[in-house]
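Structure assessment
Residue strings, one per chain:
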Amino acid sequence: MTITTLYEDEISRFDSIHHWLQHALELPDWYGHNLDALWDCLSGCIALPTEIHWVAAGRNDPNPDSPLPAGDSDIEQKLAVQIAACISLFEEAAEQIEGLSFKYIPRSSFGFQPLM
């Protein structure tokens, strides 16, 4: 079984969340950078069995277990929606694709505590 760990903190190093996923999951050059294309790759391009771990970013927000980044900017909110959609897709794919498993690891699992 292959285990791939996705570190959410690395998203900012890429042009988009889908460029990050393409790199981290070693998706093909023709990957379409959208949720439909991600589903297609999960169901047909990655070697199975595979376990994908999504490690939450080390952000400082009042709800450390939330997959949504804190922040008021439009860019941060757009990224928050994209992160939530990708996590939801990974969870659904793990239920439907034999040999694929997914685990979301909240930052509180690493002992992070929000600053008050």
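As shown above, the structure is provided for reference.
As a starting point, this report considers the structure included with it.

**Let's talk about the overall build of the protein chain**
Counting secondary structure elements, the protein chain contains three helices and three strands. The secondary structure elements of the protein chain, listed N-terminal to C-terminal, are β-α-α-β-α-β. Looking at the protein chain residue by residue over its 116 residues, the buried ones come to 39%. Contacts spanning at least 24 positions in sequence make up 63% of the contacts within the protein chain whose residues lie at least 6 apart. For the protein chain, the exposed surface amounts to about 6,800 Å²; the carbon and sulfur share of it is 51%.

**What to know about unusual backbone geometry**
Here the bond from Leu-48 into Pro-49 is cis, since omega is 5°, no more than 30 degrees from zero. For Pro-49, the location among the structural elements is in the loop between helix H2 (35–44) and strand E2 (50–55). A positive phi angle, near 55°, is found at Glu-26, a position not held by glycine. Topologically, Glu-26 is positioned in the loop between helix H1 (17–24) and H2. With a phi angle near 55°, His-33 is a residue other than glycine that sits in the positive phi range. Considering the arrangement of structural elements, one finds His-33 in the loop between H1 and H2.

**A look at the sheet that holds E2**
Taken in spatial order, the three strands line up as E1-E2-E3 in an open sheet, and their pairing is parallel. Looking at the sheet topology across the chains shown, the edges are occupied by strand E1 (2–7) and strand E3 (100–105). The average angle at which neighbouring strand axes cross in this sheet is 15°, direction not considered. Here six bridges tie E2 to E3, and the two strands are oriented parallel to one another. Residue pairing across strands places Thr-50 opposite Leu-100, the latter belonging to E3. Seen against the sheet, helix H3 (residues 74–96) touches E1, E2 and E3 and runs at an angle of roughly 140° to E3.

**Some points on the packing of H2 against H3**
Across the interface, H2 lies against H3 with an axial gap of 11 Å and an inter-helix angle of 30°. When the axes of H2 and H3 are compared, the pair comes out roughly parallel. Relative to H3, H2 is oriented so that their crossing is right-handed. Where H2 abuts H3, its residues Leu-35, Leu-38, Trp-39 and Leu-42 lie against Ala-85, Cys-86, Leu-89, Phe-90, Glu-92, Ala-93 and Gln-96.

**Description of the environment of His-53**
Summarising the element assignment, His-53 is placed in strand E2. Placed 50 residues apart in sequence, His-53 and Lys-103 show a C-alpha to C-alpha distance of 4.8 Å. With sequence-adjacent residues up to four places away left out, His-53 is seen in contact with Ile-3, Thr-4, Thr-5, Leu-6, Lys-103 and Ile-105. Engagement of the side chain of His-53 in a polar contact is seen with the side chain of Glu-51, the distance being 2.4 Å.

What counts, and where the lines are drawn
Residues numbered from 1 in each chain as written. Predicted model: local features only at pLDDT ≥ 70, side-chain atom pairs only at ≥ 80, totals over all residues. Heavy atoms only, no water. Helix = DSSP H or I, 4+ residues; strand = E, 2+ residues; numbered from the N terminus. Buried < 20%, exposed > 50% of the residue type's maximum accessible area, 1.4 Å probe, protein only. Contact = heavy atoms within 4.5 Å. Areas by Shrake-Rupley, 256 points an atom, 1.4 Å probe, with all protein chains shown as cover. Pairing = 2+ DSSP bridges. Axes fitted to C-alpha atoms, helices over the stretch in contact; angles between N-to-C directions. Parallel < 35°, antiparallel > 145°, perpendicular 65-115°, else oblique. Left-handed = near helix turned anticlockwise from the far one by under 90°. Polar contact = N/O pair within 3.5 Å; in protein donor to acceptor, adjacent residues only side chain to side chain.

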